[in-house]
Amino acid sequence: MQTKWASLQVTDYLPHDIGQGQTALTRVITGKATAVVTFAPRPEFGKAWASLEPDVDGLRILGTADPMVLRSPGVTWNIVSDGSQQAAHAEVDPSNGPIVLELRLGTDDLSEHPWDEVERRRASEAYWKDWADGLDLPPLKRDLMKRSALTLRGLVHAESGSIMAAATTSLPEDIGGVRNWDYRYCWLRDAALTAAALVDVGSTAEAENYLSWIHGVLESVSGPERLHPLYTIWGLGLPPEAVIDELPGYAGSRPVRVGNAANQQVQLDVFGPIVELVSALAHARKAKGSENGLSDDDWELVRAMVEAVERRWFEPDHGIWEIRDNPRHHVYSKVMGWITVDRAIGLAETFGRTTEPGWASLRNTIREEVLANGWNEEVQSFTAAYDGTDLDAATLFIGLSGLIDPADPRFAATVTATEAELRSGSTVYRYRHDDGLPGGEGGFHLCAAWLVEAYLLVGQRAEAEALFAQLVSAAGPTGLLSEEYDPIAERSLGNHPQAYSHLGLLRCARLLSAEPA
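Now for a look at the structure at hand. (Residues numbered from 1 in each chain as written. Predicted model: local features only at pLDDT ≥ 70, side-chain atom pairs only at ≥ 80, totals over all residues. Heavy atoms only, no water.)

This part covers the packing of helix H3 (residues 188–200) against helix H4 (residues 205–218). Orientation of H3 relative to H4, taken along the N-to-C sense of each, is 155°, at an axis distance of 8 Å. Taken as axis vectors, H3 and H4 run roughly antiparallel relative to one another. Both H3 and H4 take part in a crossing whose hand is left-handed. Residues Leu-188, Ala-191, Ala-192, Ala-195, Leu-198 and Val-199 of H3 form the contact with H4, whose participating residues are Glu-206, Ala-207, Tyr-210, Trp-213 and Ile-214. (Axes fitted to C-alpha atoms, helices over the stretch in contact; angles between N-to-C directions. Helix = DSSP H or I, 4+ residues; strand = E, 2+ residues; numbered from the N terminus. Parallel < 35°, antiparallel > 145°, perpendicular 65-115°, else oblique. Left-handed = near helix turned anticlockwise from the far one by under 90°. Contact = heavy atoms within 4.5 Å.)

On to the side chain of Gln-267. Relative to the helices and strands, Gln-267 resides in the loop between strand S14 (257–258) and helix H5 (271–287). Here Gln-267 falls in the buried class, since its relative accessible area comes to 4%. A distance of 2.5 Å separates a polar atom in the side chain of Gln-267 from a polar atom in the side chain of Arg-189. Once residues lying within four places of it in the same chain are set aside, the contact partners of Gln-267 are Arg-189, Pro-229, Ala-262, Asp-317, Gly-319 and Glu-322. (Buried < 20%, exposed > 50% of the residue type's maximum accessible area, 1.4 Å probe, protein only. Polar contact = N/O pair within 3.5 Å; in protein donor to acceptor, adjacent residues only side chain to side chain.)

Right, let's talk about unusual backbone geometry for a bit. That bond from Arg-254 to Pro-255 is cis: its omega, 10°, falls within 30 degrees of zero. Along the chain, Pro-255 turns up in the loop between strand S13 (242–243) and S14. The phi torsion at Lys-141 lies on the positive side, around 50°, for a residue other than glycine. Inspection of the secondary structure assignment puts Lys-141 in the loop between helix H1 (117–133) and helix H2 (142–154).

Within the structure shown, the criterion is met by three cavities of 30 Å³ or more. The calculated volume of the largest cavity comes to roughly 280 Å³. Trp-181, Tyr-183, Trp-321, Glu-322 and Arg-430 are, among the 23 residues lining the largest cavity, the residues nearest its centre. For the lining of the largest cavity, a count of residues per class yields 12 nonpolar, two polar and nine charged. (1 Å grid on protein atoms, 1.4 Å probe; cavity = no way out; pocket = protein on both sides within 12 Å on 5 of 7 lines; lining within 4 Å. Points joined across faces, edges and corners; volume = space filled by probe spheres on them. Nonpolar A, V, L, I, M, F, W, Y, C, P; charged D, E, K, R; others polar.)

This part is about the pattern of salt bridges. Here the structure, examined in full by the defined rule, presents 32 salt bridges. Among the salt bridges present, the one from Asp-57 reaches Arg-71, with a minimum N-O distance of 3.7 Å. In this pair, Asp-57 sits in the loop between strand S5 (51–55) and strand S6 (58–62) while Arg-71 sits in strand S7 (residues 68–71), placing the two residues 14 residues apart along the sequence. Between Arg-311 and Glu-307 there is a salt bridge, with the nearest N and O atoms lying 2.5 Å from each other. Taken together, the residues Arg-311 and Glu-307, both in helix H6 (residues 296–312) and four residues apart, mark about one turn of the helix. Through salt bridges that share partners, Arg-179, Arg-430, Asp-435 and Glu-441 make up one connected network. (Salt bridge = Lys/Arg side-chain N within 4 Å of Asp/Glu carboxyl O.)

Formed by 117 residues in total, the largest nonpolar core has its most connected members in Tyr-210 and Trp-450. Per element, the largest residue contribution to this core is 12 residues, and it comes from helix H7 (residues 331–351). Residue contacts for Tyr-210: discarding those within four places in its chain leaves Gly-161, Ser-162, Ile-163, Cys-186, Trp-187, Leu-188, Ala-191, Ala-192 and Leu-277. Of all hydrophobic cores here, the second largest spans 19 residues; its members include Ala-35, Val-37, Leu-59 and Leu-70. (Core = buried A, V, L, I, M, F, W, Y, C linked by side-chain atoms within 4.5 Å.)

With that settled, consider the sheet that holds strand S4 (residues 35–39). The antiparallel open sheet is built from three strands, whose spatial order is S4-S9-S8. For this open sheet the edge positions go to S4 and strand S8 (78–81), each flanked by a neighbour on one side alone. Direction aside, the axes of adjacent strands within the sheet are offset by 25° on average. For S4 and strand S9 (residues 86–92), the ladder comprises five bridges, and the chain directions are antiparallel. When the bridges of S9 are listed, Val-37 appears paired with Ala-90. (Pairing = 2+ DSSP bridges.)

This is how it looks when you write it as structure tokens:
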């Protein structure tokens, strides 16, 4: 990443030649103007008191749980204290050569790296460039699609195979509000959707590694139906959700949270995206000439997901949006249960596997219940849940999934109702009903992407193209999308960048790049 001024340029990058369990950030300052650098580490979200110790080649940060150093050869630091925390200041002049700062986490080594900075930067750039050059990206807005793919790849934790929903916590869904959540974990659903998006652009390694991670997580539970919605990147349970009172929050939006109480919710939609990922990966392997597109391990995973649906699909749950209120019979969760079984049957037919006798009947039972209880004559739409008239953008999946023929007038009516009730200009809200939390939120980029796809399914291509153009505009010059968008203030909201938003953008570009039917 580069930040430029008239006479100064700052380049940041993450080198890829570091040891396991370590992280490093390199900052290179070039130009003709002097600059003041302030280094003020605040480990443990500012709760731990850290002291700075000068060294001939930089600074050592003492008092942290893990070792941390700043290599800064040739820089003279002035260390000051405000009585509780220390900071270091330095004036640097890059006119005589680049100023190189290396923040190294997980090590106390301040020695010079065997490669010079230019070589390390070149290797770091090649890591990403070589990967991106091998992708099959949609031709529509190709550069933006590359940025989206790189963003999704950046959320992959290579060492474990897990995939984060976002790399941030507590960026508010409403400025000054309390809807501030920690997304630095691996949601089974989000990660499966991310991995599937990467499979779609031609990169399968992330899906392979994520499915291996899922197998490991399954070993920690008594049955597949007991999977939690999310885990740490290492596949462990989350600590209790906590509030960090010492931090004021972004733009005064408190509380700042660590952990996520959604970990304890019932979310019965998670099985569908996992089976869809297995299906996407199996077909990708087959397309590449693999003799065994569907491995035994992956088929066993599919069977486990169907088993989970068999045991729990009829229960109410908290749904995809993790509503902190009483469980309901969410239509989206039921549709995902149907997808689990439907895609499993499809995989069996394609790859010569044997299904259980009750699978076809289960698929039909779920479908019939959704059609009977999900449709509401009063609002002329499929609704968020069986017990109300409120709408939910996720209900569009009744047509996006194939549970109902997109030509069915009930789906077209649902698209019309969703547009009228939930769309606001360039964005689409998840829902409008009271969810038990104070304050508001923005529209969701992912929901807008779903509406783009729904428009295409009902033959409204012009509307799909217009909404996609607005999505592209929201990405701005960085090409990055947050979770949500405020159409009034025209500003990003929520954690940033968000996997959901970018996988939705890629999906829209792929569909719009196809020839109209």
